[in-house]
Amino acid sequence: MKTFFRFIFFALVALCFASFLVSPKKSDHKEAIVERIREVAPEDNEWVQFGSAIGGAFYELSLDSRLTIEDYGVVNFGVIDEEEKVSIGVLGRVFVLKKAELLEALK
């Protein structure tokens, strides 16, 4: 029983260490958010109109100034305008929050 708990402990330590090493960067959050915007934004949204007109560069330029990353070592969060959390990064992957929350944060 004692070896089982040791194994679990070392597995959790290894998972935390691996998560720390492969923590996503701001550019990873930006790419995931832009991709999600393209998937969920309605056609009458001004972000979609401007973004399609200049090939998505509008999204990236806007996110450069508005997106900050709150890094907690093992996990990090993408935050727009220091108010709305729009993405979560863990183990090298970025997960973007729900459609309504993302579009509300971008207004």
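Here's what I pulled together on the structure shown here. (Residues numbered from 1 in each chain as written. Predicted model: local features only at pLDDT ≥ 70, side-chain atom pairs only at ≥ 80, totals over all residues. Heavy atoms only, no water.)

**Concerning the overall build of the chain**
So, step 1. Helix and strand counts for the chain stand at five helices and four strands.
So, step 2. Along the chain direction, N to C, the helices and strands of the chain fall in the order α-α-α-α-β-β-β-β-α.
So, step 3. For the chain, buried positions account for 33% of its 107 residues.
So, step 4. Across the chain, every contact between residues at least 6 apart in sequence was considered, and the portion connecting residues at least 24 apart equals 51%.
So, step 5. Carbon and sulfur atoms form 62% of the exposed surface of the chain, whose accessible area is close to 7100 Å². (Helix = DSSP H or I, 4+ residues; strand = E, 2+ residues; numbered from the N terminus. Buried < 20%, exposed > 50% of the residue type's maximum accessible area, 1.4 Å probe, protein only. Contact = heavy atoms within 4.5 Å. Areas by Shrake-Rupley, 256 points an atom, 1.4 Å probe, with all protein chains shown as cover.)

**As for the packing of aromatic side chains**
So, step 1. Throughout the structure, instances matching the rule amount to three aromatic pairs.
So, step 2. A centroid spacing of 5.4 Å and a plane angle of 65° characterise the contact between F9 and F10, whose relative ring orientation is edge-to-face.
So, step 3. Taking the centre distance of 5.8 Å and the plane angle of 70° together, the rings of Y72 and F77 count as edge-to-face.
So, step 4. Of the residues examined, F77 reaches a relative accessible area of 18% and is grouped as buried.
So, step 5. Here the basic side chain of K85 rests over the ring of F77, its NZ or CZ set 4.4 Å away from the ring centre. (Phe/Tyr/Trp six-rings, centres within 6.5 Å; stacked < 30°, edge-to-face > 60°. Lys NZ or Arg CZ within 6 Å of the ring centre and 35° of its normal.)

**Regarding the sheet that holds strand 2 (residues 75-80)**
So, step 1. Pairing in this open sheet of four strands is antiparallel, and the strands run 1-2-3-4 from one edge to the other. This sheet does not close on itself; its edge strands, each paired only once, are strand 1 (67-71) and strand 4 (93-96). Adjacent strand axes in the sheet meet at a mean angle of 25° when their direction is disregarded. (Pairing = 2+ DSSP bridges. Axes fitted to C-alpha atoms, helices over the stretch in contact; angles between N-to-C directions.)

**Observations concerning the side chain of N76**
So, step 1. In this fold, N76 is placed in strand 2.
So, step 2. Note on N76: relative accessible area 1%, which makes it buried.
So, step 3. At 2.8 Å, the side chain of N76 and the backbone oxygen of P24 are in polar contact.
So, step 4. Excluding residues within four positions of it along the chain, N76 makes contact with S23, P24, H29, I69, E70, D71, S87, I88 and G89. (Polar contact = N/O pair within 3.5 Å; in protein donor to acceptor, adjacent residues only side chain to side chain.)

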